[in-house]
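Structural overview for review
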Amino acid sequence: MSPTSPANPGRPTRRLTTAQALVAFLARQYTERDGRRQRLISATWGIFGHGNVAGIGQALVEAGGGGRSDGGNGGAGNGAAHRMPYLQGRNEQAMVHAAVGYARQSGRLSAHAVTTSIGPGATNLVTGAALATINRLPVLLLPGDTFATRPADPVLQQLEVEYAGDVSVNDCLRPVSRYFDRITRPEALIPAALQAMRVLADPAGTGAVTLALPQDVQAEAYDWPEEFFAERDWHVRRPAPDTFELEAAVRAIRSARRPLIVAGGGIRHSAAEETLAAFTAATRIPVASTQAGKGALRHDHPADVGGIGHTGTATADELARTADLVIGIGTRFSDFTTASGTLFADPDVRFLHLNITGFDAHKLAALPLVADARAGLEALTAALAGRGYRVDPAYETEYTGAKEAWEERVEASFATPDPTARPTQIQVLGLLDALVTEDDILINAAGSLPGDLHKLWRTRSRDQYHVEYGYSCMGYEIPAAIGVLLADGARTGPDRPRRPVWALVGDGTYLMNPTEIVTAVQENLPLKLVILQNHGYASIGGLSESVGAERFGTAYRHRDADGGFTGPPLPVDLAANAASLGLRVLRATTVDDLRTALAEARDASGPTCVYVETETPDTVSGPPPAQAWWDVPVAETASRPAAVKAREEYDRQVAARRRHL
């Protein structure tokens, strides 16, 4: 312990390495919202190499990351409350996905850090960082970096840039980070760390935050002011709407004949589900949901009309086509939601966007209502209360009747008339639907499953539906499920059983990133992995066919005599692979087998896999088709008939696109 700080004479200091100081600082940061306080950085994932093992790695040992909480001379582990738990990953991208799953399940109020070495360990973070930032979910990235002092140049894994000496591979993380800094001197950590926490706790500006740490600076000692290690609370604010914008919003709603709410992920992040239910009870305005917003209302709520857009329900999409006021709440209005600008077809349609960011609130030339989703809905409900607004009863009858008709289509899709047959993908979802309760959580991200789930899944709780569709990243599901399980364990405590968490993956997604199965086994987390084997990229195969690319390169098959991929399916045994990584595997070949296996997996106390080879929808009735268009440009000139026909359909659809000004 150094007696005083050179920067602040007379103030006590603590002599630590930069890495030790960072870990000690992180262990003392908290968020607070609505009177609830919790650790901002509750654990650190890591894979170690020469770029971080002697710095962050050693600091985590001092912080009790291996299970020890003994503090030493200035160590970061001064008691159990300030330990920094360590989680061992197998793939750097997957560690970020796990951290993102944790942050989402924690309501963005608690996050994980991820540390890697320099070189490929650092660049493997980029995909996960992009996913976090696009989905507005906090994660702290701590990649090692090449020497700041440059004693040997280049060092192992260093990228040499002829025109710049201060560039490293970590600069790849700049465009996908909400905040980026390279700590080239120990004392530079103080302002950078504070800025990093500010961004992580910012409900409007959160995402991936990167602090690049040169390996020599990590190990360098410095006399840190004790104030740096004081517990610090970061208040997660709920900004209320501006009075002028609120009055304009009320006028727009009161003049609307056919309003429609589009519920986005901001409702979940704000914990505004009950407030939305109260608003709809007062106004009877129907609620459609984006992928991130599904679950804002339970599926059986009278005002819930299901998913909207390209993967939406017929009910929601028909209401969207005739809506005169679209009220977006916490949504980015992506192309899937707007059907690439073709969905909102009323010539006089107007938009009102309640969003915590001004950037999103102004999209589609909307009336902006910049506020926290819950605070904004409370203000709208109160402002409308004394003015007698409620939609016309005929409109309410119309959408509730359409909802009932769609529910009949869902039942027909889920039906399993032959229990001895091989199930379709939709029937797999139907069997799960019959099994789960409001406790279960479903995780998915890519392929054809997101569309089927968005159209058909009956969400029973605010956090049951966990589909990552901002980045739609293959390989997200398994590590994200681990993050969700860790967050649920933190909520329920070690003596209470965790909620059933299902990771649904196709064979293409499984092959992208199965590595964190080992982590689930190591931590004895009751992951429930469902692998649907359909021998290729089913989703992109269907899209390929629709745009005239004839399913080229989308099947997992042997080459044929002409060099194509139309031979027999590859003899890949994903169930055996999962078992080799430590999972208990239940194989199912029929509908009855699958029903039994899913029930057994749900009751399992350890990590379990259900493996099923699905029937193609060509031979068994599949899901309802897309209810709205999605713009994937088709070749303007082509010699093959499939592409020529696809272009004709594309030209017909694109003619309906409009810019909302």
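Just so it is clear, the structure is predicted and the values come from calculations on it, not from any experiment.

Looking only at helices and strands, one finds 24 helices and 23 strands in the protein chain. Over its C-alpha atoms the protein chain spans a radius of gyration of 26 Å, differing by no more than 12% from the 26 Å that the globule rule assigns to 661 residues. Looking at the 661 residues of the protein chain, the share that counts as buried comes to 58%. Expressed as a percentage of contacts within the protein chain between residues at least 6 apart in sequence, the contacts between residues at least 24 apart total 75%.

So, about the sheet that holds strand β22 (residues 584-588). An order of β19-β18-β20-β21-β23-β22 is seen for the six strands of this open sheet, with the pairing classed as parallel. Every interior strand has two partners, whereas the edge strands, β19 (465-467) and β22, have only one. The mean inter-strand angle of the sheet, taken between neighbouring strand axes irrespective of direction, is 20°. In the sheet, strand β20 (residues 501-506) pairs with strand β21 (residues 527-533) via six bridges, with the strands oriented parallel.

This next bit is on the pairing of strand β10 (residues 221-225). For β10, the buried fraction is high: four of the five residues fall into the buried class. In terms of strand pairing, strand β1 (residues 13-17) meets β10 through five bridges, oriented antiparallel. Counterpart to Thr 17 in the pairing with β10 is Ala 221.

Once that is clear, we can look at the pattern of salt bridges. A complete count under the given rule lists 44 salt bridges for this structure. Several salt bridges share partner residues, and in doing so they unite Arg 33, Asp 34, Arg 238, Asp 372, Arg 374 and Glu 378 into one network.

Interpretation of the predicted coordinates at a detailed level should be avoided for regions scoring low in pLDDT. Mean pLDDT over the protein chain works out to 93, with 95% of the residues at or above the 70 mark. Low pLDDT, under 50, characterises residues 68-77; the predicted model gives this stretch 29 contacts beyond four residues in sequence or across chains.

This part is about the sheet that holds strand β12 (residues 259-263). Consider a sheet: its strands pair through backbone hydrogen bonds, and that pairing is either parallel or antiparallel. In spatial order, the strands read β14-β13-β12-β15-β16-β17; together these six strands make up an open sheet with parallel pairing. Only two strands of the sheet have a single neighbouring strand rather than two, namely β14 (304-307) and β17 (367-370). Each strand of the sheet is rotated relative to its neighbour by a mean of 20°, with strand direction disregarded. Of the strand pairs in this sheet, strand β16 (residues 350-355) and β17 are connected by four bridges, and their pairing is parallel. Opposite Asn 355, over in β17, you have Val 370 as the bridge partner. Against the sheet, helix α11 (residues 314-322) makes contact with β12, β13 (287-289) and β14, and its axis sits at roughly 100° relative to β14, the strand it touches most.

Between its first and last C-alpha atoms helix α24 (residues 641-654) spans 20 Å; for 14 residues at 1.5 Å apiece the expected length is 20 Å, and the two agree. Restricting attention to buried positions, one finds in α24 the residues Ala 643, Ala 646, Arg 647 and Tyr 650. Taken down its axis, α24 places every buried residue within 105° of arc, on the same side. Exposed and oriented more than 90 degrees from the buried face of α24 are Pro 641, Lys 645, Glu 648 and Arg 652.

Inspection of the entire model under this criterion finds 13 aromatic pairs. For the pair Trp 224 and Phe 228, a centre-to-centre distance of 5.8 Å together with 20° between the ring planes defines the contact as stacked. Each member of the pair Trp 224 and Phe 228 is classed as buried. Relative to Phe 351, the ring of Phe 333 has its centre 6.4 Å away and its plane inclined at 85°; by these criteria the two rings are edge-to-face. Placement of Phe 333 in the loop between β15 (325-329) and α12 (335-338) and of Phe 351 in strand β16 is noted, with a sequence separation of 18 residues between them. Summarising the burial analysis for this pair, Phe 333 and Phe 351 share the class buried. Counting every residue linked through ring pairs, the aromatic cluster contains Phe 25, Tyr 222, Trp 224, Phe 228 and Phe 229. A cation over an aromatic ring shows up here: Lys 294 above the ring of Tyr 465, its NZ or CZ 5.6 Å from the ring centre.

Here the focus is the environment of Gly 401. Here Gly 401 is to be found in helix α15 (residues 393-414). Judged by its relative accessible area of 33%, Gly 401 is partly exposed.

Now for unusual backbone geometry. The peptide bond linking Asp 153 to Pro 154 adopts the cis configuration, its omega dihedral lying at 10°. Considering the arrangement of structural elements, one finds Pro 154 in the loop between β7 (139-145) and β8 (179-182). Not every positive phi belongs to a glycine, and Gln 157 is a case in point at roughly 75°. By the secondary structure assignment, Gln 157 is in the loop between β7 and β8.

Moving on: the side chain of Thr 614. With respect to the helices and strands, the residue Thr 614 is situated in the loop between β23 (608-613) and α24. A relative accessible area of 7% means that Thr 614 is categorised as buried. Those residues in contact with Thr 614 that sit more than four places away from it in its chain are Arg 422, Pro 423, Thr 424, Gln 425, Val 428, Leu 532, Gln 533 and Asn 534.

This next bit is on the packing of helix α3 (residues 92-105) against helix α5 (residues 125-134). Helix packing for two helices is described by the angle between their axes and how far apart those axes are. Relative orientation of the contacting elements α3 and α5 amounts to 20°, with a least axis distance of 7 Å. One finds that α3 runs roughly parallel with respect to α5. When you trace α3 past α5, the crossing you get is right-handed. Judged by residue contacts, Glu 92, Gln 93, Val 96, His 97 and Val 100 of α3 engage Leu 125, Thr 127, Gly 128, Ala 129, Leu 131 and Ala 132 from α5. By residue class, the composition of the contact of α3 with α5 is six nonpolar, four polar and one charged.

Here we take up the environment of His 353. In this fold, His 353 is placed in strand β16. Here His 353 falls in the buried class, since its relative accessible area comes to 1%. Note: C-alpha distance between His 353 and Phe 333 (20 residues apart in sequence) is 9.8 Å. In contact with His 353, not counting residues within four places along its chain, are Gly 328, Phe 333, Asp 360, Ala 361, Lys 363, Leu 364, Ala 366, Leu 367, Pro 368 and Leu 369.

On to the pairing of β16, then. Extensive coverage of β16 is indicated by the burial of five of its six residues. Pairing geometry for β15 and β16, over five bridges, is parallel. Directly across from Ile 327, in β16, lies its bridge partner Leu 352.

With that out of the way, let us pick up the environment of Phe 351. A relative accessible area of 4% places Phe 351 in the buried class. The spacing of Phe 351 and Gly 128 is 223 residues in sequence and 32 Å in space, taken between C-alpha atoms. Look past the residues within four positions of Phe 351 in its chain and what remains in contact with it is Leu 325, Val 326, Phe 344, Leu 364, Ala 366, Leu 367 and His 660.

Glancing now at the state of the cysteines. Counted according to the given criterion, the structure contains zero disulfides. Note on Cys 172: no disulfide assigned, nearest cysteine sulfur contributed by Cys 473 at a separation of 16 Å.

Our focus in this paragraph is the side chain of Thr 311. With respect to the secondary-structure elements, Thr 311 resides in the loop between β14 and α11. Sequence-distant contacts of Thr 311, that is, excluding residues within four places in its chain, are made with Gln 291, Phe 336, Gly 451, His 454 and Lys 455.

Calculation criteria
- Residues numbered from 1 in each chain as written.
- Predicted model: local features only at pLDDT ≥ 70, side-chain atom pairs only at ≥ 80, totals over all residues.
- Heavy atoms only, no water.
- Helix = DSSP H or I, 4+ residues; strand = E, 2+ residues; numbered from the N terminus.
- Rg over C-alpha atoms; globule rule 2.2 N^0.38 Å.
- Buried < 20%, exposed > 50% of the residue type's maximum accessible area, 1.4 Å probe, protein only.
- Contact = heavy atoms within 4.5 Å.
- Pairing = 2+ DSSP bridges.
- Axes fitted to C-alpha atoms, helices over the stretch in contact; angles between N-to-C directions.
- Salt bridge = Lys/Arg side-chain N within 4 Å of Asp/Glu carboxyl O.
- pLDDT = per-residue confidence, 0-100.
- Expected span 1.5 Å × (residues − 1).
- Arc of directions from axis to C-beta.
- Phe/Tyr/Trp six-rings, centres within 6.5 Å; stacked < 30°, edge-to-face > 60°.
- Lys NZ or Arg CZ within 6 Å of the ring centre and 35° of its normal.
- Parallel < 35°, antiparallel > 145°, perpendicular 65-115°, else oblique.
- Left-handed = near helix turned anticlockwise from the far one by under 90°.
- Nonpolar A, V, L, I, M, F, W, Y, C, P; charged D, E, K, R; others polar.
- Disulfide = S-S within 2.5 Å.

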